[in-house]
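Residues per chain, in single letters:
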2 protein chains.
Amino acid sequence: MKFVINRDHLVRSVQDVMKAVSSRTTIPILTGIKIVATESGVTLTGSDSDISIESFIPTEEEDKVIVEVIKPGSVVLQARFFSEIVRKLPKDTVELEVQDHFVTTIRSGKTEFNLNGLDPEEYPRLPQIQEENVFKLPTDLLKNLIRQTVFAVSTSETRPILTGVNWRIENDELTCIATDSHRLALRRAKIETNTFSSYNIVIPGKSLNELSKILDDSNELVDIVITENQVLFKTKHLLFFSRLLDGNYPDTSRLIPTDSKTDIIVNAKEFLQAIDRASLLAREGRNNVVRLATLSDGIIEISSNSPEIGKVVEEIQSELVEGEELKISFSAKYMMDALKALEGTEIKISFTGAMRPFLIRALHDDSMLQLILPVRTY
Amino acid sequence: MKFVINRDHLVRSVQDVMKAVSSRTTIPILTGIKIVATESGVTLTGSDSDISIESFIPTEEEDKVIVEVIKPGSVVLQARFFSEIVRKLPKDTVELEVQDHFVTTIRSGKTEFNLNGLDPEEYPRLPQIQEENVFKLPTDLLKNLIRQTVFAVSTSETRPILTGVNWRIENDELTCIATDSHRLALRRAKIETNTFSSYNIVIPGKSLNELSKILDDSNELVDIVITENQVLFKTKHLLFFSRLLDGNYPDTSRLIPTDSKTDIIVNAKEFLQAIDRASLLAREGRNNVVRLATLSDGIIEISSNSPEIGKVVEEIQSELVEGEELKISFSAKYMMDALKALEGTEIKISFTGAMRPFLIRALHDDSMLQLILPVRTY
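What counts and how
Residues numbered from 1 in each chain as written. Chains lettered and ligands numbered in written order. Predicted model: local features only at pLDDT ≥ 70, side-chain atom pairs only at ≥ 80, totals over all residues. Heavy atoms only, no water. Contact = heavy atoms within 4.5 Å. Buried area = accessible area lost by both parts, 1.4 Å probe. Salt bridge = Lys/Arg side-chain N within 4 Å of Asp/Glu carboxyl O. Polar contact = N/O pair within 3.5 Å; in protein donor to acceptor, adjacent residues only side chain to side chain. Helix = DSSP H or I, 4+ residues; strand = E, 2+ residues; numbered from the N terminus. Nonpolar A, V, L, I, M, F, W, Y, C, P; charged D, E, K, R; others polar. Pairing = 2+ DSSP bridges. Buried < 20%, exposed > 50% of the residue type's maximum accessible area, 1.4 Å probe, protein only. Expected span 1.5 Å × (residues − 1). Least-squares fit on C-alpha atoms with pLDDT ≥ 70 in both. Domains from an automatic or database assignment. Axes fitted to C-alpha atoms, helices over the stretch in contact; angles between N-to-C directions. Phe/Tyr/Trp six-rings, centres within 6.5 Å; stacked < 30°, edge-to-face > 60°. Lys NZ or Arg CZ within 6 Å of the ring centre and 35° of its normal.

**Focus: the interface of chain B and chain A**
Alright, step 1. On the side of chain A, 29 residues touch chain B, which itself brings 29 residues to the contact.
Alright, step 2. Buried surface at the junction of chain B and chain A, summed over both partners, amounts to about 2700 Å²; 54% is from carbon and sulfur atoms.
Alright, step 3. In terms of surface lost to chain A, no three residues of chain B exceed B:Lys88, B:Arg277 and B:Leu280, which account for 22% of the buried area on that side.
Alright, step 4. Connecting chain B to chain A are two salt bridges.
Alright, step 5. A:Asp276 is paired through a salt bridge with B:Lys88; the nearest N and O atoms lie 3.0 Å apart.
Alright, step 6. Scanning the region where chain B abuts chain A turns up 18 residue pairs in polar contact (both at pLDDT 80 or more).
Alright, step 7. Residue assignment for the side of chain B that touches chain A shows that the elements contributing at least two residues are helix H2 (79–88), strand E11 (111–115), helix H5 (268–282) and strand E24 (310–317) of chain B.
Alright, step 8. With six residues, the top contributor of residues to the side of chain B that touches chain A is E24(B).
Alright, step 9. The residue makeup of the side of chain B that touches chain A, split by class, is twelve nonpolar, four polar and 13 charged.
Alright, step 10. Where strand E24 (residues 310–317) of chain A meets E11(B), five bridges bridge the pair, whose relative direction is antiparallel. Opposite A:Val313, over in E11(B), you have B:Glu112 as the bridge partner.

**Examining unusual backbone geometry**
Working note: non-glycine residues mostly have negative phi, and peptide bonds are mostly trans.
Alright, step 1. Phi at A:Asp297 is positive, roughly 60°, even though this residue is not glycine.
Alright, step 2. Here A:Asp297 lies in the loop between strand E22 (289–294) and strand E23 (299–306).
Alright, step 3. Residue classification places A:Asp297 among the exposed positions, given a relative accessible area of 68%.
Alright, step 4. You will see that B:Ser181, though not glycine, has its phi angle at about 80°, which is positive.
Alright, step 5. Along the chain, B:Ser181 turns up in the loop between strand E14 (173–179) and strand E15 (183–190).
Alright, step 6. Overall, B:Ser181 belongs to the partly exposed group, its relative accessible area being 42%.

**Here we look at helix H1 (residues 7–18) of chain A**
All names here are of chain A.
Alright, step 1. Taking 1.5 Å per residue, twelve residues should reach 16 Å; H1 reaches 16 Å between its end C-alpha atoms and fits that length.
Alright, step 2. For H1, every residue scored as buried is listed here: Arg7, Leu10, Val11, Ser13, Val14, Asp16 and Val17.
Alright, step 3. Between the side-chain oxygen of the N-cap and the backbone nitrogen of Asp8 there are 3.0 Å, and the N-cap of H1 in question is Asn6.

**So, the relation of the copies chain B and chain A**
Alright, step 1. Superposing chain B onto chain A takes a rotation of 180° combined with a translation of 0.0 Å along the rotation axis, leaving an RMSD of 0.0 Å. The transformation just described matches what one would write down for a two-fold rotation axis.

**Let's talk about the domain arrangement of chain A**
Alright, step 1. Taken as a whole, chain A is organised into domain 1 (2–122), domain 2 (134–253) and domain 3 (256–372).
Alright, step 2. Each of domain 1 of chain A and domain 3 of chain A was reduced to a C-alpha centroid, and the two centroids are 50 Å apart.

**Examining the pairing of E15(B)**
Residues and elements named next belong to chain B.
Alright, step 1. Most of E15 is tucked away, with six of its eight residues classed as buried.
Alright, step 2. Between E14 and E15, which pair antiparallel and follow one another directly, the connecting turn spans three residues, one of which, Ser181, has a positive phi of 80°.
Alright, step 3. Pairing analysis gives five bridges linking E15 to strand E29 (residues 368–372), with the strands arranged antiparallel. Residue Arg183 lies in a different strand from E29, and its bridge partner there is Ile372.

**With respect to the pattern of salt bridges**
Alright, step 1. Applying the stated criterion across every chain, the model contains 32 salt bridges over all chains.
Alright, step 2. Of the charged contacts, one joins A:Arg125 and A:Glu121 as a salt bridge, the two residues approaching to 3.6 Å between their closest N and O atoms.
Alright, step 3. Judged by relative accessible area, which is 65%, A:Arg125 ranks as exposed.
Alright, step 4. Judged by relative accessible area, A:Glu121 falls into the exposed class, the value being 59%.
Alright, step 5. Between B:Lys136 and B:Asp223 there is a salt bridge, with the nearest N and O atoms lying 3.0 Å from each other. Separated by 87 residues along the polypeptide, B:Lys136 in strand E12 (residues 134–138) and B:Asp223 in strand E18 (residues 221–226) bring together distant segments of the chain.
Alright, step 6. Judged by relative accessible area, which is 32%, B:Lys136 ranks as partly exposed.

**Quick look at the sheet that holds strand E17 (residues 199–204) of chain A**
Residues and elements named next belong to chain A.
Alright, step 1. Taken in spatial order, the nine strands make up an open sheet running E17-E13-E14-E15-E29-E28-E27-E21-E25, and their pairing is antiparallel. Taken across any chain shown, the strands that pair with only one partner, and hence form the sheet edges, are E17 and strand E25 (320–323). For this sheet the average axis-to-axis angle between neighbouring strands, irrespective of direction, equals 15°.
Alright, step 2. Pairing geometry for strand E21 (residues 262–267) and E25, over four bridges, is antiparallel. Bridge pairing in E25 places Ile264 opposite Val321.
Alright, step 3. Running over the sheet, helix H3 (residues 139–147) touches strand E13 (164–170), strand E14 (173–179) and strand E15 (183–190) and is turned about 160° from E15.
Alright, step 4. In the packing of helix H6 (residues 332–341) onto the sheet, contacts are made with E15, strand E27 (346–351), strand E28 (358–362) and strand E29 (368–372), and the angle to E29 comes to roughly 175°.

**Notes on the packing of aromatic side chains**
Alright, step 1. Scanning the entire structure with this criterion turns up eight aromatic pairs over all chains.
Alright, step 2. A centroid spacing of 6.2 Å and a plane angle of 70° characterise the contact between B:Phe233 and B:Phe240, whose relative ring orientation is edge-to-face. Each member of the pair, B:Phe233 as well as B:Phe240, carries the same accessibility label: buried.
Alright, step 3. An aromatic cluster is defined as three or more aromatic residues linked by ring pairs; in this entry it consists of A:Trp167, A:Phe233 and A:Phe240.
Alright, step 4. Looking at A:Arg80, its charged tip hangs above the ring of A:Phe81, at a distance of 4.8 Å from the centre.

**Overview of the side chain of A:Thr163**
All names here are of chain A.
Alright, step 1. Among the secondary structure elements, Thr163 is positioned in the loop between H3 and E13.
Alright, step 2. Relative accessible area serves as the criterion here: at 14%, Thr163 is assigned to the buried category.
Alright, step 3. Those residues in contact with Thr163, other than ones at most four positions away along the chain, are Val153, Ser154, Ser156, Glu157, Pro204, Gly205 and Leu245.

Right under this line is the structure:
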């Protein structure tokens, strides 16, 4: 293998595939990046066996030569060293050449590295995916779908299925749901598909977080292909594979209350800041719990106290309080996560009593909702 | 105690004195910030008993009211909570009022915190310093003096005196020296003093690092007062006290070679980047050691290798190589630290043989020098 490549393109591709490389792996070759040069360009692959990322660098882009492949071939290089080396090379172009025993020479200007490489034949093959059932999402919408749900997945392995986000596709609508059984985040979106099939899959939260980091902020379409045990996200030069979680995701629809006894509408930013302040002291006490009480004249009181440190009380003027009086306690962290996920300047919170789950929604947007279970303190 | 204060001024002062507060202290009251309100303004104090920082907020600044003191008094509040609370308060002004048992009410808008405070009488007194022997340094020069020497102090407590920077004042000249016995950094500066006394003190490296963080980037003069066991740095609204290290600093003048056998002049940035690249592999091997060899025609070769990972060789075109041929090995980290500390685009390195300490200087600047002991590998 021998090729000359534009350094900036190489650096970017290496950074992308590095997101899948874990230093803590039981399969030594997965600490490496696989590099394959063909006549059409160079492909880099990184994988931790749950997530695999493939980045393709074409020989030309917009009439500019990016790679000149002198001899096709392949090698696996230690990801950590290779990524640091390419970032620090002195010139705009880099030459890579595989010598005997996979020793690879990396040249740039008057700098020459010789890295011990590994046999690419030992690198695991990526899943072969039939691209029949494809649907498309704009990159920015995909990133929003992830951001607004993934924080609510469970971090505990007691119920592994809850560490993933449930994606359901039916009638050209995608519904994403995450819950750790104390709170739930839901987001719906219209999608374009080429099929009438419906899907019900669970994607590991970790995969979605990594995917979100790797996607740029554009509205270009991402192709999404679902198979029995894998999901593939395809952008122009990037393939992102993730395994799916085994098992049935619980039916959460019964959890979401349909009626309410108390509704409040507040300014989202003001409310978030009040909860944030109350949580300063709540964090020290048990479970970061703050209290909310409706007072007269649409005033809402947020409070918390920690006997050793002190207490905090503050009042917020709501835009609307409707229904029964209410005193309720909940996790400040869950509330802040939910408020950050929602968009919009005004939010509506619908309660059905101090011990029942409550709903938080942006005022004029039905596509997303957040649900939180209260904590018993009163 | 009761006063109303501008929030931004309070936030800045709290941030400054927080630099001296340690969460790991054996004296519980030092986890707090002492607040004293008098008719002339509010003084905050933080201390870890090695370093103490006092910040004064005057009642008026540039004809604008900053503090309105309603009732003089004092209290000690938990630093961690107090600092987070003031940062997150909703309005531009904050009211502080001490109630019974040092419980302190912090009000801003519709937010009210009640923090359990401590008795200010239990807070240790700051050293009383006679301001007789004062000298002055511009802030930016002081920060440079620190930056260019403090990185070379020892991090090991085997010889505690080497964890500090030696400041010597004689004939209106200040000399700052730091060494960990493997490398040495020296910087000289002319100063203005009101005395003919000479001083020889050792300031803990940690104190200088904290001082540097707290100083802004201006050329305003800092007053420096030295006593038997304390040094005080005074800016407009800030007092920074540090204890001095006990003991005699070693005489380092004999270590600095006066002649040389090989001199090289190189571009500082190019040389730093080459060492940085070589150290990528050296870090894995023993002690991060890189090799330098003079070749013909003024070419300098930098190399390193790590049998398991690979090797790197690169050539630099020097501007001058004078004297004997040379092969020498040294710590890449020490060299990079030294190069970052020096200013100037060209540097001169003077060697007196492969096993003798060598000097690194900016080409046309005698006020600073860096010395490194080589490592035996050839």
